[in-house]
Every structure is written in structure tokens, then in C-alpha cells.
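# Summary of the model geometry
These are the residues of each chain, in order.
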Amino acid sequence: MAEPILKDEDRRVRITEVGPRDGLQNESAKVTVEDKIRLIDALSQAGFPEIETSSFVSPKWVPQLADAGEVFAGIDRRPGTLYSALVPNERGLERALASGVDKLAVFTAASESFCDRNLNTTIKGSIERFRPVFEAARRASLPVRGYVSCVVRCPFEGAIDPARVGETVTRLLEAADGRIEIALGETLGVATPEDIQRLLAGVGGIVPMGELDLHLHDTNGRAVDCAARALDLGVRRFDASCAGLGGCPYAPGAAGNLATEDLLRMLDRDGWSTGIDSDKVLVAARIAAEITGRSVVDPGTD
Ligand code: HMG
Ligand code: MG
């Protein structure tokens, strides 16, 4: 059967660059404020619609991002880019608002064990803590994202049924009165395209596919295949991290995020439009590699 022909507006894909947050939260090497700002400024040049810039979480829990305020104060903000940050509670909300964040991201999970390790509370308790964040966001007209982690597998509970993901998504939507972007976090990076298809079949009835964001990690090297399957099924929003940085300190076994360069290469090849300059992403990826002491693989041609 012939491929359906999509109109131009249906070929637009939004990429949120999460390297400065998901990438740098997990680094053992000390990355200076100046280097973080250099990386974010290089990413801004590439034209991302959103850069997840840092986290206003407890510095006791994630010391790598204790400098979130200084980072926000030092970056050059490009018009057209949203500079977002993770906020776990009211204390984080105050710090985030004082730093002038453009978008707030709360985070919970489909697995109680992971939620407990990551946030020291239950899924219900985490959502109760988010209520003031939702309220403040509404007053300030700020957009909010709600992450649901462990959508395919949990490091402590094993396989996660898509119905459990749907339950957490529904709870978030209710608490935020529908004013929330849902991001599905494949925290461990072990999903196959079939897992993603099952997940989307479970959640797609709750949130329209085109409004869901997919946050893939890439431990098993299948994240690009998973993104391609999600695209086939109507997902148009993805997170990615330059140089494939990433991981969660509270998810043992989780490796880097889907690399922005890899995702862009697939999207460019298949005729999707992102508005992002791939060459400038490579410049940023080299900075990311330099400041974290990693190597970056230059893409060849297909
Ligand atoms: P807690 O220990 O239960 O909270 O942690 P607490 O209220 O007892 O606070 C402990 C200390 O931290 C206190 O200081 C607070 O003042 C302080 P002390 O009195 O001991 O001196 N504190 C704060 N300081 C600054 N900013 C704050 C803040 N909150 C408390 N916001 C808490 C509960 C939620 C704070 C903690 O569990 C936490 O910060 N967790 C964050 C963990 C995290 O950032 N994980 C990584 C991000 S999630 C992820 O990577 C997954 C994702 O990528 C999607 C995916 O891949 O699946 C999003
Ligand atoms: Mg992540």
C-alpha cells in the first residue's frame, strides 16, 4: 500500500533539547556555570523552540544543578525559544519564578518505587506538591509540562503496564485542570518500537497523539527506531539531548537520552521539518562533549 501523503503542517516536528538538564544532572565531572551557559547559548543558536535549561530541585538531591539560578541569569535568551526547568515543589517554584523561567516542568512516575526514590513520596503525594505549581503557572500564564517516568519499565518494579501510565496521566490532567503538556519518559532506554506502540495505544485515548511529548533514553540503541514508530502513530513532539548526554541519578542502569543529532538525522532524511539547524547542533554537541569529557560521533551520510 502507498504511504499516505502528509500536508506540510503535518510534517512539522517539535524537538525540546534537554541536554543542559537531563544531561548535566547526571555528570560526575564538575561542569562550571560558564560552561553550562556556553552550551545553552550554542543550543539557542541552533533554533530550538524549547531548551530545558536546568532544575530547581533540592541541591542535596542533585548537586550538579545547584547553580540553576546562576545559569538562568547568565544565558542569552533567543526570542522564540522557551527556557524551561524542572520544579518538584513550592520551594523550587519560588526559585524558578525568581529566575524568570518560561515554562515549568513537574515530574512524577507510573511506578511507585521510582517515585519514592526520585521524589521521596508517593505518586499521589507528588501530585499534591504540584498543585501550587499549577496554580502559580496559571496566574503567571506560564505553560507547564508534566513528566511521567518509567512508562515502559521501572528499574525497581520491572515492566510497566500502559494502563498504569494512563492512570498517572489522568491524575496529572485532573490536578492541572487540563492545562499541562504530558511528556512520557522512557527512563531506562530499553523500549522497542513494539513497546512504544503498546504504550501509545494505552495513552493515546487520553491525550491526542499530536500533543503528547515522547522523552526517550537510549541505553539499548533503539531510541531512533522508537521515535520513528511514534511518528508513524502521530506523535510530533520529542525530547533529545545533544551528544546523547543524559540519565537519572535515581534510575540505576539508565543511560543517555536519544541524541539530538541522531533524531535530526532521521527526521531530515525522512522529510520532517523542525526549524533546527543541524550544523549548529553539532557545534553544541562538541561543546557538550568537551565540557563533560565525552566523545561525539560526527554523522556520516546515509
Ligand atoms: P525531601 O528530602 O523529601 O524534601 O526531598 P525536604 O522538603 O525534606 O527537603 C530536603 C532539603 O532540601 C531541605 O533543606 C529543603 O529546604 C531543601 P535542609 O532543611 O535539609 O537544609 N529543598 C530544596 N532546596 C532547593 N530547591 C528545592 C528544594 N526542595 C527541598 N526545590 C525533593 C524531596 C522533591 C526536594 C527531592 O526528592 C528532590 O529534589 N528530588 C529531585 C530528584 C531529581 O531531580 N531527579 C532527576 C530529575 S527526574 C528525571 O530525570 C526523569 C525525567 O528525565 C524523565 C524520564 O527520563 O523519565 C524528567
Ligand atoms: Mg530523562
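That block above? That's the structure.
Below or above, wherever it landed, is the structure these notes cover.

## Points about the site of ligand 1
- Surrounding ligand 1, one finds 28 residues, the nearest of these being Gln25, Lys60, Asn120, Ser149 and Thr187.
- A distance of 2.8 Å separates an oxygen atom of ligand 1 from a polar atom in the side chain of arginine 21.
- Measuring from an oxygen atom of ligand 1, one finds a side-chain N or O atom of lysine 60 at 2.5 Å.
- Protein chains shield 76% of the accessible area of ligand 1, which is 1100 Å² for the free molecule.

## Comments concerning the pattern of salt bridges
- Within the structure shown, the criterion is met by 24 salt bridges.
- With its nearest N and O atoms 2.9 Å apart, the salt bridge here joins lysine 103 to glutamate 181. In this pair, lysine 103 sits in strand 4 (residues 103-109) while glutamate 181 sits in strand 8 (residues 181-186), placing the two residues 78 residues apart along the sequence.
- A residue is classified by how much of its surface remains accessible, and glutamate 181, at 8% relative accessible area, is buried.
- Across the salt bridge formed by arginine 198 and aspartate 195, the nearest N and O atoms sit 2.7 Å from each other. With arginine 198 and aspartate 195 both in helix 8 (residues 193-203), this residue pair falls three residues apart, about one helical turn.
- Relative accessible area serves as the criterion here: at 49%, arginine 198 is assigned to the partly exposed category.

## Observations regarding empty space enclosed by the protein
- Tallied over the entire structure, the rule returns one cavity of 30 Å³ or more.
- One number sums up the size of the largest cavity: a volume of about 40 Å³.
- In terms of lining residues, the largest cavity is bounded by Glu186, Gly189, Val190, Ala191, Leu216, His217, Asp218, Arg222, Ala223 and Cys226.
- Across the lining of the largest cavity, the residue classes tally to five nonpolar, two polar and three charged.

## Re the coordination of the magnesium ion (ligand 2)
- At the metal site, the magnesium ion (ligand 2) is ligated by Asp22 (OD), His215 (NE2) and His217 (NE2), and these contacts range over 2.1 to 2.2 Å.
- Written as a sequence motif, the donor residues of the magnesium ion (ligand 2) are D-x192-H-x1-H. In this pair, aspartate 22 sits in helix 1 (residues 19-23) while histidine 217 sits in the loop between strand 9 (213-216) and helix 9 (223-232), placing the two residues 195 residues apart along the sequence.
- What makes histidine 217 buried here is its relative accessible area of 4%.

Here is what the cut-offs are and how they apply
- Residues numbered from 1 in each chain as written.
- Chains lettered and ligands numbered in written order.
- Predicted model: local features only at pLDDT ≥ 70, side-chain atom pairs only at ≥ 80, totals over all residues.
- Heavy atoms only, no water.
- Near = heavy atom within 4 Å.
- Polar contact = N/O pair within 3.5 Å; in protein donor to acceptor, adjacent residues only side chain to side chain.
- Areas by Shrake-Rupley, 256 points an atom, 1.4 Å probe, with all protein chains shown as cover.
- Salt bridge = Lys/Arg side-chain N within 4 Å of Asp/Glu carboxyl O.
- Helix = DSSP H or I, 4+ residues; strand = E, 2+ residues; numbered from the N terminus.
- Buried < 20%, exposed > 50% of the residue type's maximum accessible area, 1.4 Å probe, protein only.
- 1 Å grid on protein atoms, 1.4 Å probe; cavity = no way out; pocket = protein on both sides within 12 Å on 5 of 7 lines; lining within 4 Å.
- Points joined across faces, edges and corners; volume = space filled by probe spheres on them.
- Nonpolar A, V, L, I, M, F, W, Y, C, P; charged D, E, K, R; others polar.
- Donors = N, O, S within 2.8 Å, 3.2 Å for Na, K, Ca; no water.

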